[in-house]
Amino acid sequence: MITIKAPSKSALSSARIRVELQIKSAIGSRLLDYTHFISLPLSNEQTTTKLQQFQDQVLAEPGASGKGLEPSIFVNPKILHITLLMLKLYNDEDRHKAVQTLQDMQQQVQTLLAGQPLKLKLAGLDHMTDDPTDMHVLYLKIHDMLGSQQRLQQLCELVIKRFKEAGLMQQGQFETVKLHCTIINTRHRRQHHTRGDSAAMGGRSGGRGGRSGGRGSSAERIALDGRSLLQEWQNKLDLGEYVVPAVHLSQRGAYGADGYYSCLAKCPL
């Protein structure tokens, strides 16, 4: 809470405007991190088990650490998701607006999906760079099993459009989503191999950043050599099919009883 004192009402009003502008400028800068994000949760017992088996096998391979592979760079299977949009919701007004915006989309979303569930297949590996010896992000490809890939893309674009109209997007944010599900990100690397909360930004084509306490080490980001990993797993890793239950307004750094990010609001699919 900020308390402003001034000798007159006009001075108080002027000071309040200046403070509000300073806060808005700070939120829009890189000084303050994202607090929430819009996600499509992809985690259930099947996907969690298969992804954990993949991680265990990769880390057990001889020479894994020499290739830059370590537990800290793997995404926690319980928070598997696609990120649609990062948000900075630092006050009750913006949080309420975000909740209302998501809930008000339900009719448009149902019309877009034409009464069919959003059934996705999570299979096939790819990476963000041209050089697999200098890899930072490894992700699962996403396939819409009951419609064209455009249906999923249109859902993403609808969410982004509505939040932009509500004034909740930050200037310079990407307005397109690269449909993928990050499973390895070297930004997670920790000195003591703990998994951070920066996973939420792995779904956006612009990369990811941390939440409060969620950023990776300030040390130089260390790539991994993913050639053997791709050779063995590129067409082998298949987490199966998954019906996305809802679009979530997720809170970074907070988790529910199921291990997934705490949900402030949802739009059922």
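Now for a quick tour of the structure. Note that the structure is a prediction, hence the values are computed from the model and not measured. All residue numbers refer to positions counted from 1 along the written sequence of the respective chain. It should be noted that, the model being predicted, local features are given only for residues of pLDDT at least 70 and side-chain atom pairs only at 80 or more, the latter also being counted only at that level, while totals for whole chains, interfaces and linings use all residues. Excluded from the side-chain calculations are hydrogens and water; all other atoms, namely the structure's heavy atoms, are used.

### Here we look at the pattern of salt bridges
Part 1: Definition used for salt bridges: Asp or Glu carboxyl oxygen within 4 Å of a side-chain nitrogen of Lys or Arg. For the structure shown, the criterion picks out nine salt bridges.
Part 2: The partner of aspartate 92 in a salt bridge is arginine 95, and the shortest N-O contact between them spans 2.5 Å. Placement of both aspartate 92 and arginine 95 in helix 3 (residues 92-103) is noted, with a separation of three residues, approximately one turn of the helix.
Part 3: Accessible area is worked out with a 1.4 Å probe on protein chains only. A residue is then buried under 20% of its type maximum, exposed over 50%, and partly exposed in between. When its relative accessible area of 26% is taken as the criterion, arginine 95 is described as partly exposed. Segments assigned H or I by DSSP are reported as helices when at least four residues long, segments assigned E as strands when at least two residues long, and all are numbered from the N terminus.

### Let's talk about the sheet that holds strand 5 (residues 180-185)
Part 1: A sheet is described by the order of its strands in space; here four strands give the open sequence 5-4-3-6, paired in antiparallel fashion. Pairing within the sheet leaves two strands with one partner each, and these edge strands are strand 5 and strand 6 (238-244). Neighbour to neighbour, the strand axes of the sheet diverge by 30° on average, direction disregarded.
Part 2: Here strand 4 (residues 137-144) runs beside strand 5; their pairing, made up of five bridges, is antiparallel. By the bridge assignment for strand 5, leucine 140 is matched with cysteine 181.
Part 3: Residues are treated as being in contact if the distance between any of their heavy atoms lies within 4.5 Å. To get an axis, a line is fitted to the C-alpha atoms, and for a helix only the part in contact is used. The angle between two axes follows their N-to-C directions and goes from 0 to 180 degrees. In the packing of helix 2 (residues 45-60) onto the sheet, contacts are made with strand 3 (118-127), strand 5 and strand 6, and the angle to strand 6 comes to roughly 155°. Whether two strands pair depends on DSSP finding at least two bridges between them.

### Considering the packing of aromatic side chains
Part 1: When the centres of two rings from Phe, Tyr and Trp lie within 6.5 Å, Trp using its six-membered ring, the rings pair. Their planes under 30 degrees apart give stacked, over 60 give edge-to-face, and anything left gives tilted. Across all of its chains, the model carries five aromatic pairs by this definition.
Part 2: A ring pair is formed by phenylalanine 54 and phenylalanine 74, whose centres lie 6.3 Å apart and whose planes are at 70°; its orientation type is edge-to-face. With a gap of 20 residues between them, phenylalanine 54 in helix 2 and phenylalanine 74 in the loop between helix 2 and strand 2 (81-87) connect regions that are remote in the sequence.
Part 3: A relative accessible area of 1% means that phenylalanine 54 is categorised as buried.
Part 4: Ring plane angle 85° and centroid distance 4.9 Å describe the contact between phenylalanine 54 and tryptophan 233, whose orientation is recorded as edge-to-face.

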